[in-house]
Amino acid sequence: MESNGGVDESTRLLKELQSLKDSKRDIEARISALEGQLRQIQSNQQLNKKASSDCSNGGSEFGHDLTPDMIYRYSRQLLLPSFGVQGQSNLLKSSILVIGAGGLGSPALLYLAACGVGEVSALFIVDFEICRLGMVDHDVVELNNLHRQIIHGEAYIGRSKVESAAAACRSINSTIEIIEHREALRTSNALEIVSKYDIVIDATDNAPSRYLISDCCVLLGKPLVSGAALGLEGQLAVYNYNGGPCYRCLFPTPPPTTACQRCSDSGVLGVVPGVIGCLQALEAIKVASLVGEPLSGRMLLFDALSARIRIVKIRGRSLQCEACGENATMTQENFQHFDYEKFTQSPLSPAPLKLKLLKEDCRISSKEYEEVVKKGDAHVLIDVRPSQHYKIVSLPNSMNVPLASLEDKLPEIESALKSIDNGNAGVYVVCRRGNDSQRAVELLHNKGFVSAKDIVGGLESWARDVDHRFPTY
Ligand SMILES: [Zn+2]
């Protein structure tokens, strides 16, 4: 039993907690910014000192270019015979761009920051501007990102992913130069952004971005570490490296739109992009440090369910490739006008598509459907989402007939209708966002269920307009 006093008290505590969390976040952001400024000043001072000491060999007193702090911080890597001082020195001088601060980008960025990519306090660096760890993303952190995008925390929900990722990287390693690109990568800005880096990591999740990033890397001669993760599977390859193929060499035509699924529709187990993102960091480190054998001309395939990793050989560079072939048509000029969304028939931004297939009188709003329920009008509600969606949450008294099996299940719908009101009941169709429900109503109309109507905006509109406590996912 909770008295009103208890409710008031918990509201007050929640408010105070929120206000303290906000202050903490702002203070942390301020600390990060000040640390960045301080590093810049110290770095300039070191450069000046170096210039005035006229040290022409460019090395430190230890016969290599690592400072005592670097030796201590990176000692476990320096101890590796195959990596050692030379590998670390190469790594510190490199600059890497990670495109996408989501499921793949999270572990990739954390490891790259930790291992010293973008180190600015190096004595040997004449132009510290060349060393940097860059990140591009235009999105904000959402609660349903956190199960896989481990670089972000609850305190950053609603704020820029790049801001959040940069703060996390700085808290691990305050000696590196982090560049925040809080924008989407487009043909209009890609050449300028990518040109500032040595190596690119594609940690995006859609087809147009993959082609755009690959073409841009070919035009600028940058190696590309490309990763993908969906459901329980992942893949990884290094493109445009040492004469190896580019993404277009392998996939000259985009896959059909239905094959380009996203995590928001198909689901993904958080660890799967985690594994692939770690491997992307590893490949980028190998390329940057000139150590080992990068995954060029080969592709790694990861299957989480069977715990299998396979490496397959892939085709080499294609002479016919539009981007890197002998008669390539892709120039910097063409790139800037190329329509990647049209080419791949799929959108760059993850905003869900909004179909409009039906006439207005074949549709009702979620509020109107609420009236149908309240009045007790005889009707059948068909939920056409896949069964795993239905198991998460559904409206009462609905019947689950996934769109893919709708045509086979027409007799069941018929008998459900006959069992109430002798077949004169209404038929309403609902799905997650109101696209599949329209496709279903079209099919039902063609099969003689002429009164079928779809609920506009699906369960998302029900949650927004009718029942705020109805779960969304
Ligand atoms: Zn190519």
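As annotated in an unreviewed UniProt entry, the protein chain carries the name Adenylyltransferase and sulfurtransferase MOCS3 and comes from Lactuca sativa. Listed in UniProt under the heading Subcellular location (unreviewed entry), the comment for the protein chain reads: "Cytoplasm, Cytosol". Taken directly from UniProt, the Sequence similarities (unreviewed entry) text for the protein chain runs: "In the N-terminal section; belongs to the HesA/MoeB/ThiF family. UBA4 subfamily."

**Considering the UniProt feature "active site" (unreviewed entry) in the protein chain**
The UniProt feature table records "active site" (unreviewed entry) at Cys-263 and Cys-431. Along the chain, Cys-263 falls in helix 10 (residues 263-266). Cys-263 sits in the buried class, given 21 other C-beta atoms within 10 Å. With residues up to four places along the chain from it excluded, the contact list for Cys-263 reads Asp-205, Leu-230 and Val-268. Apart from the residues within four sequence positions on either side, Cys-431 is in contact with Val-384, Arg-385, Asp-436, Ser-437 and Gly-458.

**Looking at the packing of helix 4 (residues 84-92) against helix 11 (residues 271-289)**
Close contact between helix 4 and helix 11 brings their axes to 8 Å; oriented N to C, the two are set at 100°. By the angle class used here, helix 4 and helix 11 are roughly perpendicular. Each of Gly-87, Asn-90 and Leu-91 in helix 4 lies in contact with helix 11, whose residues at this interface are Ile-285, Ala-288 and Ser-289. Residue composition of the contact of helix 4 with helix 11, grouped by class: three nonpolar, three polar and no charged.

**Focus: the environment of Leu-295**
With respect to the helices and strands, the residue Leu-295 is situated in the loop between helix 11 and strand 7 (298-303). Classification of Leu-295 by C-beta neighbours within 10 Å gives buried; the count is 24. When the C-alpha atoms of Leu-295 and Val-238 are compared, they prove to be 5.2 Å apart, with 57 residues separating the residues in sequence.

**A short note on the sheet that holds strand 9 (residues 363-364)**
The sheet built from five strands is open, its strands ordered 9-13-12-10-11 with parallel pairing. Pairing within the sheet leaves two strands with one partner each, and these edge strands are strand 9 and strand 11 (398-400). Here three bridges tie strand 10 (residues 379-383) to strand 11, and the two strands are oriented parallel to one another. Among the inter-strand pairings, Leu-381 is bridged to a residue of strand 11, identified as Ser-398.

**A closer look at the UniProt feature "binding site: Zn(2+)" (unreviewed entry) in the protein chain**
Mapped onto this numbering, the UniProt entry gives "binding site: Zn(2+)" (unreviewed entry) at Cys-246, Cys-249, Cys-321 and Cys-324. A compact arrangement is adopted by the annotated residues: their sequence extent is 79 residues, whereas the largest C-alpha distance between any two is 8.5 Å. Assessed through the 24 C-beta atoms surrounding it within 10 Å, Cys-249 is described here as buried. In this structure, Cys-249 is in contact with Arg-315, Arg-317, Ser-318, Cys-321 and Cys-324, ignoring residues within four places of it in sequence. For Cys-324, the location among the structural elements is in the loop between strand 8 (308-313) and helix 12 (332-337). Its 24 C-beta neighbours within 10 Å are what place Cys-324 among the buried residues. The residues contacting Cys-324, other than those within four sequence positions of it, are Val-218, Asn-240, Cys-246, Cys-249 and Arg-317.

**A word on the sheet that holds strand 6 (residues 233-239)**
Read from one edge of the open sheet, eight strands run 3-2-1-4-5-6-7-8, paired in mixed fashion. Edge positions in the sheet fall to strand 3 (178-181) and strand 8, since each of these pairs with one other strand and no more. Put simply, the sheet's adjacent strands are angled 15° from each other on average, direction ignored. Across four bridges, strand 2 (residues 133-136) lies against strand 3 in parallel orientation. Paired with Gly-134 across the strands is Ile-179, a residue of strand 3. The strands touched by helix 6 (residues 161-172) within the sheet are strand 2 and strand 3, with strand 3 carrying the most contacts at an inclination of about 170°. Relative to the sheet, helix 11 contacts strand 1 (96-99), strand 4 (199-202), strand 5 (224-230), strand 6 and strand 7, its axis offset from that of strand 5 by approximately 170°.

Here is what the cut-offs are and how they apply
Residues numbered from 1 in each chain as written. Predicted model: local features only at pLDDT ≥ 70, side-chain atom pairs only at ≥ 80, totals over all residues. UniProt positions renumbered as here; feature names shortened; annotations may be inferred. Helix = DSSP H or I, 4+ residues; strand = E, 2+ residues; numbered from the N terminus. Buried ≥ 20, exposed ≤ 12 C-beta atoms within 10 Å, placed from the backbone. Contact = placed C-beta atoms within 7 Å. Axes fitted to C-alpha atoms, helices over the stretch in contact; angles between N-to-C directions. Parallel < 35°, antiparallel > 145°, perpendicular 65-115°, else oblique. Nonpolar A, V, L, I, M, F, W, Y, C, P; charged D, E, K, R; others polar. Pairing = 2+ DSSP bridges.

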